[in-house]
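Residues per chain are reported as follows:
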Amino acid sequence: MDDERLAEIASWYYEDGLDQAAIARRLGCSRSMVSRYLKEARARGLVEVRIRHPLKTDPQLAKALQSVFPLREARVLADPPLDSRLLLRRLGELGARGLQEQLRPGVRIGVSWGTAVYEVVRAMPELPVRGAQVIQIIGALGSGDPMIDGPELARWLAEKLEASVRHLHAPLLVESEAVAQALQQERAIAETLAVARQVHVALIGIGSVDPRLSSLRRAGYLTEAELEALRAAGAVGDVLARALDGEGNLLDLPLNRRVVGLEPEALRRIPTVIAVAGGVAKAPAIRAALRGGYVDVLVTDAEAAAAVLTLEGAMVHA
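First, a word on scope: everything that follows refers to the structure included in this document. (Residues numbered from 1 in each chain as written. Predicted model: local features only at pLDDT ≥ 70, side-chain atom pairs only at ≥ 80, totals over all residues. Heavy atoms only, no water.)

The strand order across the open sheet formed by 3 strands is 6-7-8, and the pairing between neighbours is antiparallel. Sheet topology places strand 6 (207-208) and strand 8 (242-245) at the edges, where each strand pairs with a single neighbour. Taken together, the 4 bridges between strand 7 (residues 235-239) and strand 8 define a ladder with antiparallel strand orientation. If you follow D238 over to strand 8, its bridge partner there is A243. Packed on one face of the sheet, helix 13 (residues 283-291) meets strand 6, strand 7 and strand 8 and runs near 60 degrees to strand 7. (Pairing = 2+ DSSP bridges. Helix = DSSP H or I, 4+ residues; strand = E, 2+ residues; numbered from the N terminus. Contact = heavy atoms within 4.5 Å. Axes fitted to C-alpha atoms, helices over the stretch in contact; angles between N-to-C directions.)

Under the definition given, this model contains 21 salt bridges. Across the salt bridge formed by K56 and D79, the nearest N and O atoms sit 3.8 Å from each other. Of this pair, K56 sits in the loop between helix 3 (31-43) and helix 4 (59-68) while D79 sits in the loop between strand 1 (73-77) and helix 5 (84-100), and the two are 23 residues apart along the sequence. Comparing K56 with D79, the two get one shared label, exposed. A salt bridge links R231 to E228; its shortest N-O distance comes to 2.6 Å. Highlighted residues: R231 and E228, both in helix 11 (residues 224-232), separated by 3 residues, approximately one helical turn. The structure contains a network of salt bridges with shared partners spanning E247, R287, R291 and E312. (Salt bridge = Lys/Arg side-chain N within 4 Å of Asp/Glu carboxyl O. Buried < 20%, exposed > 50% of the residue type's maximum accessible area, 1.4 Å probe, protein only.)

Quick look at the side chain of K282 now. Mapped onto the secondary structure, K282 falls in the loop between strand 9 (272-276) and helix 13. Among buried Asp, Glu, Lys and Arg side chains, K282 stands out as unpaired, with D238 the closest opposite charge at 7.5 Å. Non-local contacts of K282, meaning those with residues more than four positions away in its chain, are made with I206, G207, S208, L213 and A277. (Lys, Arg positive; Asp, Glu negative; His and termini not counted.)

This next bit is on the environment of W12. As for its position among the elements, W12 is in helix 1 (residues 3-14). Between the alpha carbons of W12 and I135 there is a distance of 38 Å; along the sequence they are 123 residues apart. If we skip the residues at most four places from it in the chain, W12 touches R5, G17, L18, I23, R26 and L27.

Once that is clear, we can look at the packing of helix 5 against helix 6 (residues 115-123). At a minimum axis separation of 7 Å, helix 5 and helix 6 run at an interaxial angle of 60 degrees. Considering their axes alone, helix 5 and helix 6 lie oblique with respect to each other. The interaxial crossing formed by helix 5 with helix 6 has right-handed handedness. Contact residues: helix 5 offers L88, R89, G92, E93, G95, A96 and L99, while helix 6 offers T115, A116, E119, V120, R122 and A123. Among the residues making up the contact of helix 5 with helix 6, the classes are represented as 6 nonpolar, 3 polar and 4 charged. (Parallel < 35°, antiparallel > 145°, perpendicular 65-115°, else oblique. Left-handed = near helix turned anticlockwise from the far one by under 90°. Nonpolar A, V, L, I, M, F, W, Y, C, P; charged D, E, K, R; others polar.)

Looking now at the pairing of strand 5 (residues 201-205). Where burial is concerned, most of strand 5 is hidden: 5 out of the 5 residues are buried. Here strand 5 shows a buried face lined by V201, L203 and G205 and a second buried face lined by A202 and I204. Summarising the sheet, strand 2 (residues 108-111) and strand 5 pair through 3 bridges and their orientation is parallel. Directly across from V111, in strand 5, lies its bridge partner L203. Taken together, the 5 bridges between strand 5 and strand 9 define a ladder with parallel strand orientation. Each bridged residue has a counterpart across the sheet, and for I204 the counterpart in strand 9 is A275.

The next thing to look at is the layout of surface pockets. For the largest pocket, the calculated volume is near 740 Å³. Lining the largest pocket are 40 residues, with L88, L213, R218, G278 and K282 positioned closest to its centre. For the lining of the largest pocket, the secondary-structure elements that each account for two or more residues are helix 5, helix 6, strand 5, strand 6 and helix 10 (215-218). The class makeup of the residues in the lining of the largest pocket is 21 nonpolar, 11 polar and 8 charged. (1 Å grid on protein atoms, 1.4 Å probe; cavity = no way out; pocket = protein on both sides within 12 Å on 5 of 7 lines; lining within 4 Å. Points joined across faces, edges and corners; volume = space filled by probe spheres on them.)

Spelled out as structure tokens, the structure:
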């Protein structure tokens, strides 16, 4: 059966509310055949099912984070699932709701890269925003999983918002500081970075130097030995692929000067920076990003939030 006919059958079932028996009578076939048609429609991508999970939040932990760190808002997922992929998916849904609140005509949205950002974009509904623009704010991985790479995420979000998109045509990490400086002076790249510094909203993740969690290691940019060297130099995590110490300071490392993209210090001048990160193991990195003042809206989970507050020496009273 062709796609157009399958889409019509799916529309009867999902949009018009006809049950399979009614559709079978309309088509003159069996209910089991209708069931197969509906499965086929989903398999061909003609039907997209979105489940909007009720996301319970922990206002007490959110308030504690806001009282200790320079945050405008914290969204803390209560009772986080044990499965890390499911946790990221729920945080993505929570982050998408936060991003939707920032949408308005003419909004400029900067998009970083990584699994957390992917989950936010994945959870975003199709929601046209007049005159919106999406800007890739950090260079491309060019390897590993293209779905978590900046160019693809920027394109996908722009598609959902019916927005224009501006790509940063450069690699994320280059072989030397001289190459990074030369690329950032190239006209098209310099112009895109200038636009990136003027976005209204930036959507970022927070990276870790833990080999189990490092996106840079998974993408093949860093080896475990290089991550160990970063930890030895005092790094606890990264923002926009630049390594931070425990207090949120940018480390004076060659690696930080080999990245092509928006500078972390520019985040402090962006009106709203939404950072999505979760899991207890990321607590040191999250704390560093908060102490550095790089985040306005934090989306995290209750266990990570409690761990961050413990690291900060803050108590949460029941």
